[in-house]
Amino acid sequence: MSNLFDLLVAGLATGAIYAIVAVGFTLLWQTSQTINFAQGEFVMLPAFLMLAAMQAGAPFWLAILIGILLSMLLLGLGFKLLLVDPMLRHGVLPLAIATMALAIGIKEAVKQFFSAEASPFPSIVPAGDISIFGHPVSLQSLGVLTLAILAVIGLTALLNRTSIGHQMQAAAQNPTAARIIGVPVERMILLTFLINAVLVALASLLITPIYLAKFSSGEVLGQAAFIAAIVGGFNQVRGAIAGGLLIGVVDNLAAAYVSTQYRAAIPLLLLIVIILFRPQGILGRPEERTV
Amino acid sequence: MTGLPRYLRIALGIIVIAGLIIVPMNFNRYGLFILSQWAVMTIAAIGLNLTLGYAGQVSLAQGAFVGIGAYAAGIMTSQGLPLIAALGVAIILCFAIGWLLGYPALRVQHHYLAFVTLAFSTLAFLVFRNEDWLTKGIYGISNIPRPNVFGFPTNRPLPFYYLCLGSLGIVSVMVWWLIRSPWGRAFVALRENPIRALSLGIDTRRYTLMAFAIGSALGGVAGTLYAPLTQYIDPVPFNLSLSLDLLMMVIIGGAGFFFGPFLGAMIAVLLPEWLRFTQGYYLMLYATAVILLLIYSPSGLLGILDRLMAERRTRTASALRAVAKSRLEAAP
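My aim in this report is to walk through the structure given alongside it, one point at a time. (Residues numbered from 1 in each chain as written. Chains lettered and ligands numbered in written order. Predicted model: local features only at pLDDT ≥ 70, side-chain atom pairs only at ≥ 80, totals over all residues.)

The next subject is the overall build of chain A. Along the backbone of chain A there are 11 helices and 2 strands. Helices and strands appear in chain A in the N-to-C order α-α-α-α-β-β-α-α-α-α-α-α-α. Taking 19 Å as the expected radius of gyration for a compact globule of 291 residues, we find that chain A reaches 19 Å, a close match to that expectation. Based on the C-alpha atoms only, the size of chain A along its principal axes is roughly 60 × 50 × 35 Å. Relative to its 291 residues, chain A shows a buried fraction of 52%. Considering only contacts within chain A whose residues lie at least 6 apart along the sequence, 72% involve residues at least 24 apart. (Helix = DSSP H or I, 4+ residues; strand = E, 2+ residues; numbered from the N terminus. Rg over C-alpha atoms; globule rule 2.2 N^0.38 Å. Buried ≥ 20, exposed ≤ 12 C-beta atoms within 10 Å, placed from the backbone. Contact = placed C-beta atoms within 7 Å.)

Taken together, the contact between chain B and chain A spans 31 residues of the former and 30 residues of the latter. Of all the secondary-structure elements, those providing two or more residues to the side of chain B that touches chain A are α4 (83-108), α5 (112-130), α9 (194-199), α11 (240-253) and α13 (282-296) of chain B. The residue inventory of the side of chain B that touches chain A, partitioned by class, reads 26 nonpolar, 5 polar and no charged. (Nonpolar A, V, L, I, M, F, W, Y, C, P; charged D, E, K, R; others polar.)

This part covers the packing of helix α5 (residues 139-161) of chain A against helix α6 (residues 163-173) of chain A. Residues and elements named next belong to chain A. Between α5 and α6, whose axes approach to 5 Å, the crossing angle comes to 80 degrees. In terms of axis orientation, α5 runs roughly perpendicular to α6. Listed contacts from α6 to L158, L159, N160 and R161 of α5 are G165, M168 and Q169. Across the contact of α5 with α6, the residue classes tally to 3 nonpolar, 3 polar and 1 charged. (Axes fitted to C-alpha atoms, helices over the stretch in contact; angles between N-to-C directions. Parallel < 35°, antiparallel > 145°, perpendicular 65-115°, else oblique.)

Our next topic: the environment of G219 of chain B. All names here are of chain B. Examined against the element boundaries, G219 turns out to sit in helix α10 (residues 204-230). Considering only alpha carbons, one finds G219 and I179, 40 residues apart in sequence, at a separation of 17 Å. For G219, the contacting residues outside a window of four places in its chain are A44, G47, Q62, F65, V66, G69 and C94.

Moving on to the pairing of strand β1 (residues 129-132) of chain A. Residues and elements named next belong to chain A. Bridge count for β1 against strand β2 (residues 135-138) is 4 bridges, and the pairing is antiparallel. Note on β2: the bridge partner recorded for I130 is V137. From the end of β1 to the start of β2, which pair antiparallel, there are 2 residues, and F133 there has a positive phi angle of about 50 degrees. (Pairing = 2+ DSSP bridges.)

Residue and element names in this part refer to chain B. Put simply, helix α3 (residues 62-78) and α10 touch, their axes get as near as 6 Å, and they point 45 degrees apart. With respect to each other, α3 and α10 are oriented oblique. For the element pair α3 and α10, the recorded crossing hand is right-handed. Packed against α3, whose contacting residues are Q62, F65, V66, G67, I68, G69, A70, A72, A73, G74 and T77, the element α10 presents S216, G219, G220, V221, A222, G223, T224, Y226, A227 and P228 at the interface. The residue inventory of the contact of α3 with α10, partitioned by class, reads 11 nonpolar, 10 polar and no charged. (Left-handed = near helix turned anticlockwise from the far one by under 90°.)

If you want it as structure tokens, here you go:
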């Protein structure tokens, strides 16, 4: 039992990080039909930006701040202005391919300018265990889980409780109608890109201490977030959260109880089952069929 | 391509084919390896172009089918079976798997095919890596023999290059014929307007599955050549990134253009080689070039050519119109 409890906590912690990344992914999809194949690399990069800031002599908290700001500048504003805006009118596929190329570019740039080796990354949560109901739980898992939950609550509050959030949802659901009633749709879309940039920077901050900073670490993460988004529901923020948590837990349990060799297969099988029986995702709205 | 006069097109075709046969004769081993790789990747990309460019279905598993073909060839030829038997097995296997894979995805909505194929791609990689008894796992299969074709051994690089080139030729002719057959027309109808295709009595789901299965089978064909080309296979080259690379080849060449995959594979295989003098920067430059190309012309390289031709035709037409108009005005 205690083993199961540990696995659940660890699974929820990684799942919460997947959820953050998946939420960003679905936000981009909803507001601008961008399937971002570079989302994993987007998570990998901010950690290196923070490391670079620290190497330049900045203290950890300042490095985090610089990392988040640079991420907003490069992965938010830059990504939208230089790649998405010129390509969006050409349809979903060329843009998706361009993000694949971008993923290669980011990976290679990090390999070339930083290092091909994995670098350690300081944790914002102190190491050690804390006792819950007489049971030791790693502070790191708990801290990651708490921060991720706070981020998700903050984001949901922003989307559902504030005027800006309502405008963003309107811009995502029906841009034409939103424009008619005076929602600055363009600005709202830019805002979702900036939010995505903050989310990936946060995910980077949380996951890198666990898996180290490596140029190739985005591949696994991006795929996990992608699966989480589809399993949970491609068109719903809460779906992405549920999907992320589920994938995290399933992944961890599969590694322990099924086989370590095939642990990556279990979320994929889950994905295929979901597509077969509930294609809109666990919490998603069904999309209208065109035929 | 369609804008050129017929005799020019035939002349151009003959020059290119002759060039592909004659020029590599004094290439070194490495140059021939790269060219053979281009031919093999082109076959896989032609298959994907059929699925994506003609039938409009996004597949992220072409790399996995190349892997299945390569493992079929690697396993069977190291047991002493001829490559042609492996080719048959690979084609049947990839066709069947492609068909089965498309089935659940198309039951719902066609962009789910992309998601299912993405999952399949990674599952196939895991099988290649973990089923040691069959694939020798991460150690891979080495010393894969090269075949004898009509009694000619292809152990040396040049004959093997001709084998790849010949296979590419056969595949090209077959696909050329296919897309001009009623099937090919049905594929294009699927891409352009599925509802209209359905209302014209085309069984859209069956044709979609067919396009996907044939495209996958061509991936298997490419794989059976890949194994004897490298003479060593391990799971790493067949992971998701090969599927993404092949997708990129089709798009940058020009999806839905017959010659798109040829150009796309050339860019993806040869451009990184030419950029190698830039050392660590070459993949970065490659990625940047791809992005810039897609921003400039989302329909790929042949899309640019197509656009130029269309513009020229419009210009000629408007010049003719202007002449006709002035004549009309000059007339009393």
